[in-house]
Amino acid sequence: MRKSPLRLPTLTGFVLLSLIVHAGCAHKPPSSPDAAPTPVGSIGIVYAKFLPEVVLDLPAKGKVDGVVRGAGRGFLNWAEVPLRVGVEVLRGCSTKECGYVAIGFLALSAATGTVGAVVGGIHGSIRAIPGKEAGRMENAIRYLADLKIQESMWHWVHDAAMDLTAYRILPLPASGPDAPDNVADYSGFANAGVDSIIEVSVLSVGFKGERWGRNPPLSVILQVRVRRYRTMDGTIAIEEEREFLYRSEDRSFSEWMADGAARMDWEFQKGYSMLAGEIADWI
């Protein structure tokens, strides 16, 4: 894994100011008047700067080699209408609607083998597919980025940590890895009085199902990785890592995509909330 540079201008001043501002807002456990005050540690929370992978997770059929693509084309037989609607919506919907419809569009594209893996670095693969399809991919990726999934998950975790832990929580939006396999360099925070860093990365979003077929039931999935970095002898090093998964109840793909993917939007908010609570408990 390669190190990614820490993008944090005026690092020390910003963190020290945050420590002062948060000092009066930290959630502290009750203590008796005679007890010595318990030091409250400080935790900085950062989030990933890469786009999550978009997945359509359905069981393989028959031989592994080439079968997923074949099954994907069968999957499109029932999804042609929703997919066409989705492409039309991409031309005239609001940004938020476009983002959720784009997840469905990219998930189907991954299933059909149009792209090998629908990730933030997809742009290099677009040249290998037809121009019209490539244009739709470009739009879908742009709308996916507009959803700000990483930033949204970070906000939910920050708020949950403020409410559910006794730590002094510091929002550090300028930092975070720019690729899933990167280990970011947070050494600058050690000298700024930060005890640990919690790094929140949404690794994948999309759908999971148990069977192929006509408009099969699918659940929305959100997969989040959290890394904890601790201060050690003036440096900050990774200490532990854990993944969290949210999976919704099943609905058909057409239900998820109806009304500008309104149900999917609601499910994402529910997923953010539930995962943030689990992460705060782990912190």
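The shown structure was predicted, so the numbers you read here are calculated from the model rather than taken from an experiment. (Residues numbered from 1 in each chain as written. Predicted model: local features only at pLDDT ≥ 70, side-chain atom pairs only at ≥ 80, totals over all residues. Heavy atoms only, no water.)

Chemist: What should I look at first to understand the packing of helix α6 (residues 149–164) against helix α7 (residues 253–282) in this one?
Modeler: For any two helices packed against each other, one specifies the inter-axial angle together with the distance between the axes. Two elements in contact, α6 and α7, have axes whose closest approach is 8 Å; the angle formed by their N-to-C orientations is 45°. It follows from the interaxial angle that α6 and α7 lie oblique. Here the hand of the crossing between α6 and α7 comes out right-handed. Across from Ile149, Ser152, Met153, Trp156, Val157, Ala160, Ala161 and Leu164 in α6, the residues of α7 making contact are Phe268, Gln269, Tyr272, Ser273, Leu275, Ala276, Gly277, Ile279, Ala280 and Asp281. Class assignment of the residues belonging to the contact of α6 with α7 gives a composition of 13 nonpolar, 4 polar and 1 charged. (Axes fitted to C-alpha atoms, helices over the stretch in contact; angles between N-to-C directions. Helix = DSSP H or I, 4+ residues; strand = E, 2+ residues; numbered from the N terminus. Parallel < 35°, antiparallel > 145°, perpendicular 65-115°, else oblique. Left-handed = near helix turned anticlockwise from the far one by under 90°. Contact = heavy atoms within 4.5 Å. Nonpolar A, V, L, I, M, F, W, Y, C, P; charged D, E, K, R; others polar.)

Chemist: Is there a simple way to explain the environment of Lys270 in this structure?
Modeler: Tracing the chain through its elements places Lys270 in helix α7. For the pair formed by Lys270 and Tyr246, sequence separation is 24 residues and the distance between their alpha carbons is 9.2 Å.

Chemist: In this structure, what is going on with the nonpolar core? I would like to understand it.
Modeler: Nonpolar side chains in soluble globular proteins generally cluster together in the buried interior. Ile45, Ile103, Ile149, Met153, Phe207, Met264 and Phe268 are the most contacted members of the largest nonpolar core, which totals 55 residues. Among the elements that make up this core, the one with the highest residue count is α7 (12 residues). Leaving out residues up to four positions away in the same chain, Ile149 has contacts with Pro52, Ile103, Leu144, Val202, Val205, Phe268 and Tyr272. Grouped together as the second largest cluster of nonpolar side chains are 12 residues, Val46, Leu172, Phe189 and Tyr229 included. (Core = buried A, V, L, I, M, F, W, Y, C linked by side-chain atoms within 4.5 Å. Buried < 20%, exposed > 50% of the residue type's maximum accessible area, 1.4 Å probe, protein only.)

Chemist: Hey, could you run me through the pairing of strand β7 (residues 217–232) in this one?
Modeler: Strand residues, when the strand is regular, have side chains that alternate between the two faces of the sheet. Both strand β6 (residues 196–208) and β7 contribute to a ladder of 12 bridges, which runs antiparallel. Residue Ile197 lies in a different strand from β7, and its bridge partner there is Tyr229. Where β7 meets strand β9 (residues 251–252), 2 bridges bridge the pair, whose relative direction is antiparallel. Following the sheet pairing, Pro217 is matched in β9 by Ser252. (Pairing = 2+ DSSP bridges.)

Chemist: Quick question: what am I supposed to make of the packing of aromatic side chains here?
Modeler: Two descriptors summarise a pair of aromatic rings, namely the distance from one centre to the other and the angle between the planes of the rings. This structure, assessed with the given rule, holds 7 aromatic pairs. Geometrically, the ring pair formed by Tyr47 and Trp154 is tilted, given 5.1 Å between the ring centres and 45° between the ring planes. Placement of Tyr47 in strand β2 (residues 42–47) and of Trp154 in helix α6 is noted, with a sequence separation of 107 residues between them. Each member of the pair, Tyr47 as well as Trp154, carries the same accessibility label: buried. (Phe/Tyr/Trp six-rings, centres within 6.5 Å; stacked < 30°, edge-to-face > 60°.)

Chemist: Is there a simple way to think about α6 in this case?
Modeler: Three- or four-residue spacings in an α-helix give side chains the same orientation, since the helix completes a turn every 3.6 residues. With 16 residues, α6 extends 22 Å from end C-alpha to end C-alpha; this agrees with the ideal 22 Å at 1.5 Å per step. Turning to α6, its buried residues number three or more, namely Ile149, Gln150, Met153, Trp154, Val157, His158, Ala160, Ala161 and Met162. (Expected span 1.5 Å × (residues − 1).)

Chemist: Just checking my understanding: could you explain the pattern of salt bridges for this structure?
Modeler: It is possible for side chains bearing opposite charge to pair when their charged atoms get close. A full pass over the atoms with the stated rule returns 10 salt bridges. Between Glu241 and Arg227 there is a salt bridge, and its shortest N-O distance comes to 2.9 Å. Of this pair, Glu241 sits in strand β8 (residues 235–247) while Arg227 is found in strand β7, placing the two residues 14 residues apart along the sequence. What makes Arg227 buried here is its relative accessible area of 2%. Here Glu239 ties to Arg230 by a salt bridge, and the two come within 2.9 Å at their closest N and O atoms. (Salt bridge = Lys/Arg side-chain N within 4 Å of Asp/Glu carboxyl O.)

Chemist: Got a minute to help me understand α7 in this structure?
Modeler: Between its first and last C-alpha atoms α7 spans 33 Å; for 30 residues at 1.5 Å apiece the expected length is 44 Å, and the helix comes up short by more than 12%. The largest bend along α7 measures about 115° and falls at Gly260. (Bend = angle between axes of the 7 residues up to and from the residue.)

Chemist: Before we go on, may I ask you to explain the confidence of the model for the protein chain in this structure?
Modeler: Detailed conclusions should not be drawn from predicted coordinates in areas where pLDDT is low. On average, residues of the protein chain carry a pLDDT of 73, and 61% of them reach 70 or more. Looking across the protein chain, the model is least confident in helix α1 (residues 11–23), with a mean pLDDT of 44, and most confident in α6, with 95. Confidence drops under pLDDT 50 across residues 4–29; counting only partners more than four residues distant or on other chains, this segment forms 51 contacts. Taken as a whole, residues 119–127 scores under 50 in pLDDT and shows 11 contacts with residues more than four places along the chain or in a different chain. (pLDDT = per-residue confidence, 0-100.)

Chemist: Explain unusual backbone geometry here, please?
Modeler: Excluding glycine, residues mostly carry a negative phi; peptide bonds, for their part, are mostly trans. Look at Lys148: it is not a glycine, yet its phi comes out positive at around 55°. Assignment of secondary structure puts Lys148 in the loop between α5 (131–146) and α6.

Chemist: Looking at this structure, how should I read the environment of Val220?
Modeler: Looking at where Val220 falls in the secondary structure, it is placed in strand β7. Between the C-alpha atoms of Val220 and Arg251, which are 31 residues apart in sequence, the distance is 8.7 Å. Dropping the residues within four chain positions of it, Val220 is found in contact with Gly206, Phe207, Tyr246, Arg247, Ser248, Trp256, Met264, Glu267 and Phe268.

Chemist: Mind showing me how you'd approach the environment of Tyr47 here?
Modeler: Take Tyr47: its relative accessible area is 11%, and that puts it in the buried class. In sequence terms Tyr47 and Val226 are 179 residues apart; their C-alpha atoms lie 9.3 Å from each other. Setting aside its immediate chain neighbours within four residues, Tyr47 contacts Gln150, Glu151, Trp154, Pro173, Ser175, Gly176, Pro177 and Val200.

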